[in-house]
Amino acid sequence: MSIPLLQKARIGAYIVRQQLAGRKRYPLVLMLEPLFRCNLACAGCGKIDYPDEILNQRLSVDECLHAVDECGAPVVSIAGGEPLLHKEIAEIAAGIVARRKFVYLCTNALLMVKRLVLFQPSPYFVWSVHLDGDREMHDRSVCEGGIYDRAVAAIRAAKERGFRVNINCTLFNDADAERVARFFDSVADIGVDGITVSPGYAYERAPDQAHFLTRTRTKELFRDIFRRGRGARAWSFSQSGLFLDFLAGNRDYRCTPWGNPTRNVFGWQRPCYLLGEGYAKSFRALMEETDWDAYGTGNYEKCADCMVHSGYEATAVQDAVRHPLKALAVGLRGVRTEGAMAPEIPLDRQRRAQYPFSQHVLHKLVEIREAKARAEASTAA
């Protein structure tokens, strides 16, 4: 695995402190979305389908840093939208690094070369570049030609300046295991330090609904991929080995959505980064007032096929800290790619999906327009 020792030690110590304090639920990674606006329109994305009035909203530097302090997670993933469109993104990242939190700045890399001068290399800062495969795979995924080449150029430029660079790779049901394995073989030559991989989640508003993976297909695909890489040991993943073992169908983990809480322009998102079923005004309210048992595979129809890292990585990391020998065994022997899979979670008692998206959007639009009207009235006065 490619996670630096400093990061492993600090996260491990954080988890131990939470457990000694008797906390059942606590965050590991804050998913911070300072804006939804993006300069790409990927068919599998459910984050950009908002009216312009909402896409034009930004979290301020103070709001972002308050969220970091309020949450207390040791890792912050700055996502979006495209974070580099935020004019104060460098100040936000620097403020988080100053707090000795590990920052993963997720980007499609279109603006990355121009923005590199605004950032400083640090053991607490990582560029996380979206790269969904080789040139043809990635450009098809983002629905625009030439993006792969620009991303690779940005990765190389960042490495030349001394930055740590990972890629985040999302796989859909048209992924070919042999081709993905060859892509993983090639990323070290590009200069990538680590890989974050995840099956795509079926965002209800994504334009392309045909290519999301079921849980069964996810397990089969990742077994086929990892089999070609010595049980995934051939590649440097910035993820827990137990999470990779889960992707291959060898663990019966349950989702821990509170492990990766999300703060965006709406507020603290319930229940997770992937589902916007409601919003809390504070992190404390999110943790204390959310009906967590109403979500997750087996509990809610929208979660039926989910095996995404933002829901299950925290589960795997906590398991690794509690059972280090189990994690060591997977690290030494690799991910098992043959034999029986762990039992699947039954879906017969899951509640039906609800669709509150439009209601939340309308509420936010009213809030924006009322704030604008007050500002205009104040100016006129």
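The text that follows walks through the structure, step by step, so that each part is easy to find. (Residues numbered from 1 in each chain as written. Predicted model: local features only at pLDDT ≥ 70, side-chain atom pairs only at ≥ 80, totals over all residues. Heavy atoms only, no water.)

1. Digging into the nonpolar core
Residues Leu32, Ile78, Phe119, Trp127, Phe184 and Phe226 are the most contacted members of the largest nonpolar core, which totals 120 residues. Ignoring sequence-local partners within four residues, the contact set of Phe184 consists of Cys169, Ile195, Val197, Ile225, Trp235 and Phe237. By size, the runner-up hydrophobic cluster in this structure holds five residues, among which are Leu40, Cys42, Leu110 and Val142. (Core = buried A, V, L, I, M, F, W, Y, C linked by side-chain atoms within 4.5 Å. Buried < 20%, exposed > 50% of the residue type's maximum accessible area, 1.4 Å probe, protein only. Contact = heavy atoms within 4.5 Å.)

2. Observations concerning helix α7 (residues 147-160)
An ideal rise of 1.5 Å per residue puts 20 Å on 14 residues; α7 measures up with 20 Å between its terminal C-alpha atoms. The complete set of buried residues in α7 reads Ile147, Tyr148, Ala151, Val152, Ala154, Ile155, Ala157 and Ala158. Against the buried residues of α7 lie α5 (112-115), β4 (125-130), α6 (135-142), β5 (164-171) and α8 (177-190). Taken from the residues just after α7, Gly162 is the one with a positive phi, measuring 90°. (Helix = DSSP H or I, 4+ residues; strand = E, 2+ residues; numbered from the N terminus. Expected span 1.5 Å × (residues − 1).)

3. Some words on the pattern of salt bridges
Enumeration over the complete set of coordinates arrives at 21 salt bridges. Asp52 serves as the salt-bridge partner of Arg37, at 3.6 Å between the closest nitrogen and oxygen. On the criterion of sequence distance, the pair formed by Arg37 in the loop between β1 (29-32) and α2 (52-55) and Asp52 in helix α2 is long-range, its members being 15 residues apart. Among the salt bridges present, the one from Arg140 reaches Glu136, with a minimum N-O distance of 3.8 Å. Of this pair, Arg140 and Glu136 both sit in helix α6, four residues apart, which is roughly one turn of the helix. By relative accessible area, which is 43% here, Arg140 ends up partly exposed. Bridged by salt links that share partners, the residues Asp134, Glu136, Arg140 and Arg179 form one connected network. (Salt bridge = Lys/Arg side-chain N within 4 Å of Asp/Glu carboxyl O.)

4. Comments concerning the side chain of His138
The topology assignment puts His138 in helix α6. Take His138: its relative accessible area is 1%, and that puts it in the buried class. Side-chain polar atoms of His138 contact the backbone nitrogen of Asp132, separated by 2.9 Å. Non-local contacts of His138, meaning those with residues more than four positions away in its chain, are made with His130, Leu131, Asp132, Gly133, Ile147 and Tyr148. (Polar contact = N/O pair within 3.5 Å; in protein donor to acceptor, adjacent residues only side chain to side chain.)

5. Regarding the packing of aromatic side chains
Within this structure, the stated rule accounts for 24 aromatic pairs. With centroids separated by 4.6 Å and ring planes inclined at 10°, the aromatic side chains of Phe36 and Tyr50 adopt a geometry described as stacked. Placement of the pair is Phe36 in the loop between β1 and α2 and Tyr50 in the loop between β1 and α2, with a sequence separation of 14 residues. An angle of 25° between the planes, with centres 5.5 Å apart, marks the rings of Phe119 and Phe125 as stacked. On the accessibility criterion, Phe119 (5% relative accessible area) is buried. Look at Phe125 and you get buried, because its relative accessible area is 3%. An aromatic cluster is present here, built from Phe183, Phe184, Phe222, Phe226, Trp235 and Phe237 joined pairwise through their rings. Arg351 extends its terminal NZ or CZ atom over the ring of Tyr295, reaching a point 5.0 Å from the ring centre. (Phe/Tyr/Trp six-rings, centres within 6.5 Å; stacked < 30°, edge-to-face > 60°. Lys NZ or Arg CZ within 6 Å of the ring centre and 35° of its normal.)

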